[in-house]
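Chain by chain, the residues:
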Amino acid sequence: MKNQLRNDKIRNIAIIAHVDHGKTTLVDQMFKQAGVYRQGEATTERVMDSMDLERERGITISAKNCAVHCNGVKINIVDTPGHSDFGGEVERALMMVDGAVLLVDASEGALPQTRFVLKKALEANLKIVVVVNKIDRKDARAPEVLNGIYDLFIDLDAREEQLDFPVLYAIGRDGIAQKKLDEPGTDLKPLFDAILSEIPGPSYDPEEPFQMLVSNLAYSDYLGRLAIGKVMHGTAQAKDNVVRIDRHNKTHPLRITKLQVYDGIKLADAESAAPGDIIILSGIEECEIGDTICTKEAPRALKRIAVDEPTVAMRFASNTSPLAGKEGKFLLSGKIGERLRKETLSNVALQVEETDDESFIVKGRGEFQMVILIEGMRRDGFELSVGRPKIIMKEVDGKTLEPIEHLFVDCDEHFTGIVTEKLSQRRGRMLNLVNHGTGRVRLEFSIPSRGLIGYRNEFLTDTKGTGIMNSYLQGYEEYRGDFLSRVTGSLVSDRGGEAVAYAIFHLEPRGTIFVRPGDPVYEGMIIGEGNRDNDLDVNPTKAKKLTNIRAAGRDENIILTPVTPMTLERAIDFIRDDELVEVTPSRVRLRKAILPANQRS
């Protein structure tokens, strides 16, 4: 290592936590107290969750940057996702920072995704500041949670200096942080002080020329493609002529047309950037995450961003149902492929492979990541059909290995039996059971990743909606054997037309119906879940025969069972290998892969 200096005018930090432990809410308060907003300015809650899907679901999906100023020091903040399905976002975000604020709920404690993001931070050798959040909860147990955090650090093989982390207690929603549990705080000053004193400024070599690693991509209607990353060494100037080094180590000349830095949640123009700062460059037509931008006099590539390999694959294809083209704008497989390839530019954890039949195999971290991708595409006007998620196996020394999840279940005590039974049927093995005496228990299982596909809705039904289930990828083990994922068959429409109330009423004893009166149906469309294990072809368009004879009383008044709306997650969980989900901007339908009944049999 040459003469490494530190830029003490900058701090680069990531906020890492499990889903719903308060990351984005804490960042809101940091903005307010650091003077990002002028007095009286209208603000929105969870301002960093800028995507519609993030606001609707209450989670962070993509890592985003912002900056605040404190005591003359600029603090660049990266808000990271807490869900392991978006692990690629976490990995590229951690490449830009020198420290992390680990947020843990004072009641729930360290959960699986806490473990996942902390493991990545420790591997990156980041300095950690631990914040025990939500200490105002009635069921808060901060001392026990802190002990659990120490256990987690030890379990993740943290070094001695990493175990010596500062601890703060916070109520993120109210913008309060304190050093001791019994000394009430008033603001977030202790947190800002800890960031400035504990997290080092970014290091750089003063003799090295300009180098920047592209960690994120964005697009502007006015400036075109934007490359976002941290300046590793040297300084950058607007209008500089530089080069980009791609994954094949080839250099491409380019000119920086505009240089911007983060100021609050907005971008501010800058003439130059210092080592360690996170900058946004315009004028880059082609670029990938992981590319290096450097001087043309001394082109030298930085280490590319490495991400964990994908574990789930799904087939994406154009919509071929009789209703295709009636609800969306983009139907052709070429357009779908173009959209998927565009997604891989900004999401390093996704891989796309084209097949011979004009469909695409998309590989990612989990089914939830796929759901978010499909939801984004349907909102953009795409019509497509997707198959059942399949787990990616490995072949090692002639043995088939499959990904294994470490599953944590938190549920009421009297649901323990049904949860254990269902998971054991899916080749799960119980590792631990903890009963805190509060009426709820925490169960731990080792289970194949394929055992969790389609289980979440079943789990919520079994626990009356009160259970919490989280998991992280533990590793690979030898294939544990087959099991039935769904014991019921499908009710399949045998003709096209419109569903009729009379027909649905008489089909209800056969199973659970998914369609309402007036909904269009076609041959091969799945209109319900059967009571038995075999598929059943039915006629949902059958109307009541009218005659000239009327009974003395009025005709029977048909009252149908209310239909639960079909969501994307529910549809993907439900389908079997010979079935598809038809996704359009306005509808989610289920269908057989082969529509004509005579060809299916």
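First, a word on scope: everything that follows refers to the structure included in this document. (Residues numbered from 1 in each chain as written. Predicted model: local features only at pLDDT ≥ 70, side-chain atom pairs only at ≥ 80, totals over all residues. Heavy atoms only, no water.)

**Section: the overall build of the protein chain**
Each helix and strand in the protein chain was counted, giving 14 helices and 37 strands. The C-alpha radius of gyration computed for the protein chain amounts to 27 Å, which stays within 12% of the reference 25 Å derived for 601 residues, consistent with globular compactness. Projected onto its principal axes, the C-alpha coordinates of the protein chain cover approximately 95 × 65 × 60 Å. Across the 601 residues that make up the protein chain, the buried fraction comes to 53%. Contacts in the protein chain between residues far apart in sequence, at least 24 positions, make up 72% of those at least 6 positions apart. Working note: accessible area of the protein chain is about 28,200 Å², and carbon and sulfur atoms make up 48% of it. Taking the average location of the 81 positive side-chain charges in the protein chain and that of its 92 negative ones, the two points are 3 Å from each other. (Helix = DSSP H or I, 4+ residues; strand = E, 2+ residues; numbered from the N terminus. Rg over C-alpha atoms; globule rule 2.2 N^0.38 Å. Buried < 20%, exposed > 50% of the residue type's maximum accessible area, 1.4 Å probe, protein only. Contact = heavy atoms within 4.5 Å. Areas by Shrake-Rupley, 256 points an atom, 1.4 Å probe, with all protein chains shown as cover. Lys, Arg positive; Asp, Glu negative; His and termini not counted. Charge placed at Lys NZ, Arg CZ, Asp CG, Glu CD.)

**What to know about the sheet that holds strand E11 (residues 224-233)**
Pairing is antiparallel across the open sheet formed by 8 strands, whose spatial order is E14-E13-E19-E10-E11-E18-E15-E16. The open sheet terminates on both sides in strands that have one partner only, identified here as strand E14 (251-255) and strand E16 (266-269). Neighbour-to-neighbour, the strand axes of this sheet turn through a mean angle of 40°, independent of strand direction. Two elements, strand E15 (residues 258-263) and E16, share 4 bridges in a ladder whose sense is antiparallel. What sits directly across from aspartate 263, in E16, is lysine 266. (Pairing = 2+ DSSP bridges. Axes fitted to C-alpha atoms, helices over the stretch in contact; angles between N-to-C directions.)

**Comments concerning the pattern of salt bridges**
Counted under the stated rule, the structure contains 43 salt bridges. For lysine 258, the salt bridge is made with aspartate 269, and the minimal N-O distance between the two is 3.6 Å. Of this pair, lysine 258 sits in strand E15 while aspartate 269 sits in strand E16; the two residues are 11 residues apart in sequence, bridging distant segments of the chain. Overlapping salt bridges bring together Asp105, Glu108, Lys134, Arg137 and Asp139 as one network. (Salt bridge = Lys/Arg side-chain N within 4 Å of Asp/Glu carboxyl O.)

**With respect to helix H5 (residues 142-155)**
End to end, H5 covers 20 Å across 14 residues, agreeing with the expected 20 Å (1.5 Å per residue, within 8%). Within the sequence span of H5, burial applies to Ala142, Val145, Leu146, Ile149, Leu152 and Phe153. All buried residues of H5 lie within an arc of 115° about the axis, which places them on one face of the element. Residues Asp151 and Ile154 are exposed on H5 and point more than 90 degrees away from its buried face. (Expected span 1.5 Å × (residues − 1). Arc of directions from axis to C-beta.)

**Observations regarding the packing of aromatic side chains**
This model, assessed by the stated rule, comprises 5 aromatic pairs. Judged by centre distance (5.3 Å) and plane angle (85°), the ring pair of phenylalanine 514 and phenylalanine 574 falls under edge-to-face. Pair noted here: phenylalanine 514 is in the loop between strand E32 (511-513) and strand E33 (520-521) and phenylalanine 574 is in helix H13 (residues 568-574), with a separation of 60 residues, a long-range link. Look at phenylalanine 514 and you get buried, because its relative accessible area is 12%. The exposure class of phenylalanine 574 is buried, given its relative accessible area of 10%. (Phe/Tyr/Trp six-rings, centres within 6.5 Å; stacked < 30°, edge-to-face > 60°.)

**Some words on the nonpolar core**
Core analysis: the biggest nonpolar cluster contains 41 residues, and Ile128, Val132, Ile149 and Phe153 have the highest contact counts within it. It is H5 that contributes the most residues to this core, 6 residues altogether. Excluding residues within four positions of it along the chain, phenylalanine 153 makes contact with Leu102, Leu118, Leu122, Ile128, Val130, Ala158, Gln162, Leu163 and Phe165. Val362, Met370, Val386 and Leu590 belong to the second-largest nonpolar core, a separate cluster that totals 28 residues. (Core = buried A, V, L, I, M, F, W, Y, C linked by side-chain atoms within 4.5 Å.)

**As for the pairing of strand E4 (residues 73-79)**
Burial analysis of E4 places 7 of its 7 residues in the buried class, which makes it a mostly covered element. With burial as the criterion, each face of E4 is covered, one bearing Val73, Ile75, Ile77 and Asp79 and the other bearing Lys74, Asn76 and Val78. For strand E2 (residues 10-17) and E4, the ladder comprises 6 bridges, and the chain directions are parallel. Residue pairing across strands places alanine 14 opposite valine 78, the latter belonging to E4.

**Re the side chain of histidine 233**
Note on placement: histidine 233 falls in strand E11. Here histidine 233 falls in the buried class, since its relative accessible area comes to 14%. A polar contact is formed between the side chain of histidine 233 and the backbone nitrogen of aspartate 205, at a distance of 3.0 Å. Residues within four places of histidine 233 in sequence aside, it is in contact with Gln4, Tyr204, Asp205, Glu208, Pro209, Phe210 and Gln211. (Polar contact = N/O pair within 3.5 Å; in protein donor to acceptor, adjacent residues only side chain to side chain.)

**What about the packing of helix H4 (residues 112-123) against H5?**
Here H4 crosses H5 at 50°, and the two axes come no closer than 10 Å. Taken together, the axis directions place H4 and H5 in an arrangement best described as oblique. Between H4 and H5 lies a crossing whose hand is right-handed. Along the contact surface, H4 presents Thr114, Arg115, Leu118 and Leu122, while H5 presents Leu152, Phe153 and Asp155. (Parallel < 35°, antiparallel > 145°, perpendicular 65-115°, else oblique. Left-handed = near helix turned anticlockwise from the far one by under 90°.)

**Description of the side chain of histidine 406**
Structurally, the position occupied by histidine 406 is in strand E26 (residues 399-412). Accessibility expressed as a relative area gives 10% for histidine 406, which makes it buried. Side chain to side chain, histidine 406 and glutamate 444 meet in a polar contact 2.9 Å long. In terms of polar contacts, histidine 406 uses its side chain to reach the side chain of glutamine 474, at 3.1 Å. With residues up to four places along the chain from it excluded, the contact list for histidine 406 reads Leu431, Glu444, Phe445, Asn470, Ser471, Tyr472 and Gln474.

**Comments concerning the packing of helix H1 (residues 23-33) against helix H7 (residues 189-198)**
Remark: H1 packs on H7, axes separated minimally by 11 Å, with the N-to-C direction vectors making an angle of 90°. Put simply, H1 runs roughly perpendicular to H7. Facing H1, whose interface residues are Leu26, Met30 and Gln33, H7 presents Leu191, Phe192 and Ile195. Its residues placed into classes, the contact of H1 with H7 shows 5 nonpolar, 1 polar and no charged. (Nonpolar A, V, L, I, M, F, W, Y, C, P; charged D, E, K, R; others polar.)

All quantities given are derived from atomic positions and should not be read as evidence of function.
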